[in-house]
Structure formats: structure tokens, C-alpha cells
Amino acid sequence: MKLPLLFTTFKKDLMVIERVIEEASSSQSAFMRETTGHLLKSGGKRIRPIFGMLCGKLGDYDIEKVKYPAAALELIHSASLAHDDVIDCASMRRGVATISAKWDNHVATYTGDYIFAHAMQLISQLNNPLAHQIVSKAIVEVCLGEIDQIHDKYRFDQSLRSYLRRIKRKTALLIAISGQLGAIAANVPASVHQNLYLFGYYVGMSFQITDDILDFTASEKELGKPAGSDLAQGNITLPTLYAMQDESLSKRIVEINATTDKLVLAQIIEDIRSSGAIEKSYALSQRYLNLAFAVLDRIPSKKQKKNLIEIANFIGKRTY
């Protein structure tokens, strides 16, 4: 089952979740309605809601309960993107102007904060202290990830461990808890939802590594932003770290800064593509997927396990 078919399978329930997400832009402030609507209508793959629903299917599935964590996690993700665009001074995301570019950084920051707060209101609809604790801890980690991203800009001496910790906080954690919270909302036993957290974590790591690869290999049209944006903005990702194992290429990479000529940057990006770093990055992404599949051996439901395998494969092997 490819992801588009999963969307068809959950079409009715996804529409319920979309309505909950849209309510986040129903502020009494007309200006806030405009800025939140601009961000939330820019779309996305809705990976986190799909995860939440799939994992909820392992228990007493009820969309009227699962919709709260599913929508909340998508909102938290969207809020973090608004903040990311401030950090990166990004002008485009998903093919449209960022809030920072259309208005300014102050508006983008407060819009992200507003969406974070709305997400917490949604989680409060779940009468489960564990769910509240999980989300609160996750938001702390997401914020730390944003600080890491600021600290690590153009820091070419960072370690692989630092990179992996950053993508855990920025991406993998939200995917991990989206499945876990969907399961909790459906009264899945603790032993199962804890394994679903691990599954989501490993898939989330693979997801972000693949995203970082695609920043080098996909086209601007596919990405909705210029190819190579991560490196241009000083975000050192896995392909760059692997490429820097080549001493001569490393000497050129570490000279990159905010004023680097576009033609020079384009040549370095091309050299990273041909350095073997892309293949090594895909290999690590696959290792995380293999760890995720191993966790699924502990999950009892064969039918839902098949769907979880399909979405994991889509994430790890997508081309844009």
C-alpha cells in the first residue's frame, strides 16, 4: 500500500483531522487568521496524522479521540517550521513564501507560538496525564532542537552524533510520539505503545536523513525551495558530513558562508553528489528502517503491521 492509497483508505478520517487543524486559524484576530491560515494551508504529507491513525487501529479506534493528538502533532510540526524559517532566513517553503518573507520574523515567531499553544489545547481534550507529559517533554526537546540548529549553523566541525541528536529533536521525536499518542488515545497497552514510539523514532530518523539527501538530489520544483538550501543556509546535514571525509573537498566546504558565490556553491553541491556521500547517507537511512522493522516483530496485529511497513518504506525510499 503506497502512501496515496493510505490517504484514500483514511480519507474520511483525514477530513475530520483537517477540520480540527483548520480551527487553529479561527482566531478572533483577523491578522492571526491570515498568518496561521497561510502557514497551515501550505499543506504537507500529513505523515504524523497517518501514523497516529494507523497506530490507533491497534486498539479501540475512535476518530473522535484520535483526532486530537493527530491534529496536535501536525500543528506542533507546522509551528516548528515557522520557527525554522526564521532561523534559516528562508523565503520559500513548499513552493510558497514563508511567513517571515511575506510579513517578518516577529510575525512568524508569534504565529508559531500561537499554533504551539493551540496544539496544547487539543491535547488537553485527552483525559490522560501520560499523553500530556509526553507532549510537554516533546515540545521541550523540539525547542532544544531549534537552539541546536542555531548553534550549529556553519559549524563544520560538528560530529555525526550532534547531527543525529539534532534530527531526533527536530523530526524523529514528533513522528515517534504521533504513533504513540494515537495508540494511547485508542487504549492500546503500554507495552505496545512504547514499541510504537520506538518504531516511529527509527522511521523518523530515516525520514529526516532522506529529506537531507533530497535537498541535494531533488529539483527546486520538487522541493518547493532551491536545491542545496540546507548547505547554503549553513545547516550541516549527513551528506555534507560524509563528503567532508574527503580532505580536499572538506577544505572547500568549510569555506562556505552566507556570502558564498552561488556558482561556487553549486559546484560544491555537485561534488558532494558525486563523492559517494549520498550513497552512504542512504545506507544509514536504511539501517534505521531495518531497526524499525525489527521493532514491528513485537507488534501483534498482522494487518496493521503491513500498513506500518508500507508507510515506513515510502518514507525511506521516496524520491522527493
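Computed from a predicted structure; not experimentally measured. (Residues numbered from 1 in each chain as written. Predicted model: local features only at pLDDT ≥ 70, side-chain atom pairs only at ≥ 80, totals over all residues. Heavy atoms only, no water.)

Asks: Can you lay out the overall build of the protein chain for me, pointing to particular residues and giving the numbers?
Replies: Each helix and strand in the protein chain was counted, giving 17 helices and 2 strands. Computed over the C-alpha atoms, the radius of gyration of the protein chain is 19 Å, within 12% of the 20 Å expected from 2.2 N^0.38 for a compact globule of 320 residues. Seen along its three principal axes, the alpha-carbon backbone of the protein chain occupies a region of about 55 × 50 × 30 Å. For the protein chain, buried positions account for 54% of its 320 residues. In the protein chain, the share of contacts with a sequence separation of at least 24, taken over all contacts with a separation of at least 6, comes to 76%. Positive and negative charge centroids in the protein chain, built from 39 and 34 side chains respectively, lie 6 Å apart. (Helix = DSSP H or I, 4+ residues; strand = E, 2+ residues; numbered from the N terminus. Rg over C-alpha atoms; globule rule 2.2 N^0.38 Å. Buried < 20%, exposed > 50% of the residue type's maximum accessible area, 1.4 Å probe, protein only. Contact = heavy atoms within 4.5 Å. Lys, Arg positive; Asp, Glu negative; His and termini not counted. Charge placed at Lys NZ, Arg CZ, Asp CG, Glu CD.)

Asks: Summarise the packing of helix α2 (residues 11–22) against helix α5 (residues 63–88); cite the residues concerned and give the values.
Replies: Running from amino to carboxyl end, α2 crosses α5 at an angle of 55°, the nearest separation of the two axes being 9 Å. The angle between α2 and α5 places the two elements in the oblique class. In the packing of α2 onto α5, the handedness of the crossing is right-handed. Only I63, E64, K67, A70, A71, E74 and L75 of α5 make contact with α2, whose side of the interface consists of D13, V16, I17, V20 and I21. Classifying every residue of the contact of α2 with α5 gives 8 nonpolar, no polar and 4 charged. (Axes fitted to C-alpha atoms, helices over the stretch in contact; angles between N-to-C directions. Parallel < 35°, antiparallel > 145°, perpendicular 65-115°, else oblique. Left-handed = near helix turned anticlockwise from the far one by under 90°. Nonpolar A, V, L, I, M, F, W, Y, C, P; charged D, E, K, R; others polar.)

Asks: Residue-level account of the environment of Q245, with values.
Replies: Looking at the secondary structure, you find Q245 in the loop between α13 (238–243) and α14 (247–253). For the pair Q245 and A277, spaced 32 residues apart in the sequence, the C-alpha separation amounts to 9.0 Å.

Asks: Break down the side chain of S285 for me, with residues and values.
Replies: Looking at where S285 falls in the secondary structure, it is placed in helix α16 (residues 277–296). Residue classification places S285 among the buried residues on the basis of a relative accessible area of 1%. In contact with S285, other than residues within four places in its own chain, are S206, I209, T210 and G316.

Asks: Account for the nonpolar core, with residues named and values stated.
Replies: Ranked by size, the top nonpolar core spans 97 residues in total, and within it L181, F199, L231, I253 and I272 carry the most contacts. Residue contributions to this core peak at 13 residues, all from helix α9 (residues 160–185). In this structure, F199 is in contact with F51, A292, V295, L296, L308 and A312, ignoring residues within four places of it in sequence. (Core = buried A, V, L, I, M, F, W, Y, C linked by side-chain atoms within 4.5 Å.)

Asks: Now, about the packing of aromatic side chains: what can you tell me, with residues and values included?
Replies: Within the structure shown, the criterion is met by 4 aromatic pairs. Between the NZ or CZ atom of K57 and the centre of the ring of Y61, over which it lies, the distance is 4.2 Å. (Phe/Tyr/Trp six-rings, centres within 6.5 Å; stacked < 30°, edge-to-face > 60°. Lys NZ or Arg CZ within 6 Å of the ring centre and 35° of its normal.)

Asks: Give a detailed account of the pattern of salt bridges, specifying residues and quantitative values.
Replies: Considering all chains together, one arrives at 11 salt bridges under this definition. The closest approach of N and O atoms between K67 and E64, which form a salt bridge, is 2.7 Å. Of this pair, K67 and E64 both sit in helix α5, 3 residues apart, which is roughly one turn of the helix. E64 sits in the partly exposed class, given a relative accessible area of 41%. (Salt bridge = Lys/Arg side-chain N within 4 Å of Asp/Glu carboxyl O.)

Asks: An account of unusual backbone geometry is needed here, citing residue identities and associated values.
Replies: Across residues other than glycine, the phi torsion is negative in most instances, and most of the peptide bonds are trans. Look at Y154: it is not a glycine, yet its phi comes out positive at around 60°. Mapped onto the elements, Y154 comes out in the loop between α8 (129–152) and α9. Phi is positive for N187, which is not a glycine, with a value near 60°. Note on placement: N187 falls in the loop between α9 and α10 (190–217). With relative accessibility at 54%, the residue N187 sits in the exposed group.

Asks: Tell me about helix α3 (residues 30–40), residues and numbers included.
Replies: Along α3, the positions that sit buried rather than exposed are M32, T35, T36, G37, L39 and L40. Close packing links the buried residues of α3 with α2, α5, α6 (99–102) and α7 (105–123).

Asks: Now, about the confidence of the model for the protein chain: what can you tell me, with residues and values included?
Replies: Per-residue pLDDT for the protein chain averages 87, and the proportion of residues at 70 or more is 95%. For the protein chain, the element scoring lowest by mean pLDDT is helix α1 (residues 3–9), at 68; α13 scores highest, at 97. (pLDDT = per-residue confidence, 0-100.)

Asks: Can you tell me about α16, naming the residues and giving the values?
Replies: Over its 20 residues, α16 runs 29 Å from end to end, which matches the ideal 28 Å to within 8%, given 1.5 Å per residue. Considered for burial, the residues of α16 that qualify are A277, I278, S281, L284, S285, Y288, L289, A292, V295 and L296. Taken around the axis of α16, the buried residues stretch over an arc of 145°, which confines them to a single face. Of the residues in α16, the exposed ones pointing more than 90 degrees away from the buried face are E279 and R287. (Expected span 1.5 Å × (residues − 1). Arc of directions from axis to C-beta.)

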